[in-house]
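# Coordinate inspection notes
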Amino acid sequence: MSIRWRRTGIYAHAHTRAWSALVDSADAFLFVLPMYNGGFTAPFKNAIDFLYREWQGKPAGLLSCSAGGSGGAPAGRMLRPVLESVGMVPTEASAAVPGITGLVTADGFRAPEGLAAELAAVLDELAALARTPVSA
């Protein structure tokens, strides 16, 4: 795909035009990402890389998870410069869910202690950034 197409938003494929319209219509994003081999997944990166203009100035919060004790925080740290490179504005706050495999059962998700406060901080900052006009 040509970078020119990404910058203009003129896309050849219907699926790319649909993805573009969806991203363009949003005021902000909360990305929920599992950590995979110490980072984020290739399909997730591809979904970001497929667009450019549509991400400009959009706030992004991060909620990561992993089976281990890090809660996927390394994946979130790796993602921040990627989001910034496409013009997004990541929140300072982020939330991480360690030991996700033990928290998901047939009865649903059992949130670990403190997650609600962490996530509230992310969402509050995300809402504040979404209300802030993007400077040209």
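None of the values given here were measured: they were computed from a predicted structure. (Residues numbered from 1 in each chain as written. Predicted model: local features only at pLDDT ≥ 70, side-chain atom pairs only at ≥ 80, totals over all residues. Heavy atoms only, no water.)

## Focus: the overall build of the protein chain
Cut-off, in case you're wondering: What counts as a helix is a DSSP run of H or I of at least four residues, what counts as a strand is a run of E of at least two, and both are numbered from the N terminus. Three exposure classes are used, based on accessible area relative to the maximum for each residue type with a 1.4 Å probe and protein chains only: buried under 20%, partly exposed in between, and exposed over 50%. The contact rule is simple, with two residues in contact once any of their heavy atoms fall within 4.5 Å. The method behind every accessible area is Shrake-Rupley, applied with a 1.4 Å probe, and residues are considered shielded solely by the protein chains displayed. Under this rule, positive means Lys or Arg and negative means Asp or Glu; His and the chain ends count for nothing. We put the charge of a Lys on NZ, of an Arg on CZ, of an Asp on CG and of a Glu on CD.
A count of helices and strands for the protein chain gives five helices and six strands. Reading the helices (α) and strands (β) of the protein chain from amino to carboxyl end gives α-α-β-α-β-α-β-β-β-β-α. Every one of the 136 residues in the protein chain was classed for burial, and the buried ones make up 35%. Sequence-distant contacts in the protein chain: of pairs separated by 6 or more residues, those separated by 24 or more amount to 80%. Summed over its atoms, the accessible surface of the protein chain is roughly 7,700 Å², and 61% of this surface lies on carbon and sulfur atoms. Here the protein chain holds 11 positive side-chain charges and 11 negative ones, and the gap between their average locations is 11 Å.

## Comments concerning a nonpolar patch on the surface
Put simply, the rule is: Patch criteria: residues need more than 30% relative accessible area and no salt bridge. Like-charged residues are merged within 9 Å; nonpolar side chains of Val, Leu, Ile, Met, Phe, Trp and Tyr are merged within 5 Å. By definition here, a salt bridge exists when the distance from a side-chain nitrogen of Lys or Arg to a carboxyl oxygen of Asp or Glu is within 4 Å.
Residues Leu30, Val32 and Leu123 make up a contiguous nonpolar surface patch of roughly 230 Å² in combined accessible area. Tracing the sequence through the fold places Val32 in strand S1 (residues 29-34). Since its relative accessible area comes to 52%, Val32 is described here as exposed.

## Let's talk about the nonpolar core
Where we set the bar: Each nonpolar core is a collection of buried residues, namely Ala, Val, Leu, Ile, Met, Phe, Trp, Tyr and Cys, held together in the definition by side-chain atoms within 4.5 Å.
Ranked by size, the top nonpolar core spans 20 residues in total, and within it Phe31, Ile48, Trp55, Leu79, Leu83 and Met88 carry the most contacts. Breaking this core down by element, the ones donating at least two residues are S1, helix H3 (42-49), strand S2 (59-65) and helix H4 (73-85). Formed by seven residues, the second largest nonpolar core is a distinct cluster that contains Leu63, Ala95, Leu115 and Val122.

## Let's talk about unusual backbone geometry
Of note, the phi angle at Asn37 is positive, near 50°, even though the residue is not glycine. With respect to the helices and strands, Asn37 occurs in the loop between S1 and H3. With relative accessibility at 75%, the residue Asn37 sits in the exposed group.

## Describing the packing of aromatic side chains
Any aromatic ring pair is given by two values, namely how distant the centres are and how the planes are angled relative to each other. Stated formally: Only Phe, Tyr and Trp rings are paired, with Trp represented by its six-membered ring, and only when their centres lie within 6.5 Å; those with planes under 30 degrees apart are stacked, over 60 edge-to-face, the remainder tilted.
The full count for this structure, using the stated rule, is six aromatic pairs. With a centroid separation of 5.6 Å and 5° between ring planes, the pair formed by Phe29 and Phe31 is classed as stacked. Residue classification places Phe31 among the buried positions, given a relative accessible area of 10%. A connected cluster of aromatic rings, assembled from ring pairs, spans Trp19, Phe29, Phe31, Phe40, Phe44 and Trp55.

## Here we look at the packing of H3 against H4
Two quantities define a packed helix pair, namely the angle between the axes and the distance from one axis to the other. Quick reminder of the rule: For helices, the fitted axis covers only the stretch in contact; all axes are lines through C-alpha atoms, and the angles between them, taken along N-to-C directions, range from 0 to 180 degrees. Throughout this description, any angle smaller than 35 degrees is read as roughly parallel, any larger than 145 degrees as roughly antiparallel, any in the 65 to 115 degree range as roughly perpendicular, and the remainder as oblique. Crossing handedness follows the turn of the near helix against the far one: under a right angle anticlockwise gives a left-handed crossing, and clockwise gives a right-handed one. Under the convention adopted here, Pro, Cys and the residues Ala, Val, Leu, Ile, Met, Phe, Trp and Tyr are nonpolar, Asp, Glu, Lys and Arg are charged, and Gly plus all remaining residues are polar.
With their axes 11 Å apart at the nearest point, H3 and H4 run at an angle of 15° to one another. In terms of orientation, H3 and H4 fall into the roughly parallel class. The handedness of the crossing between H3 and H4 comes out as right-handed. Across the interface between the two elements, Phe44, Lys45 and Ile48 from H3 touch Leu79, Val82 and Leu83 from H4. Each residue belonging to the contact of H3 with H4 can be placed in one class, and the counts come to five nonpolar, no polar and one charged.

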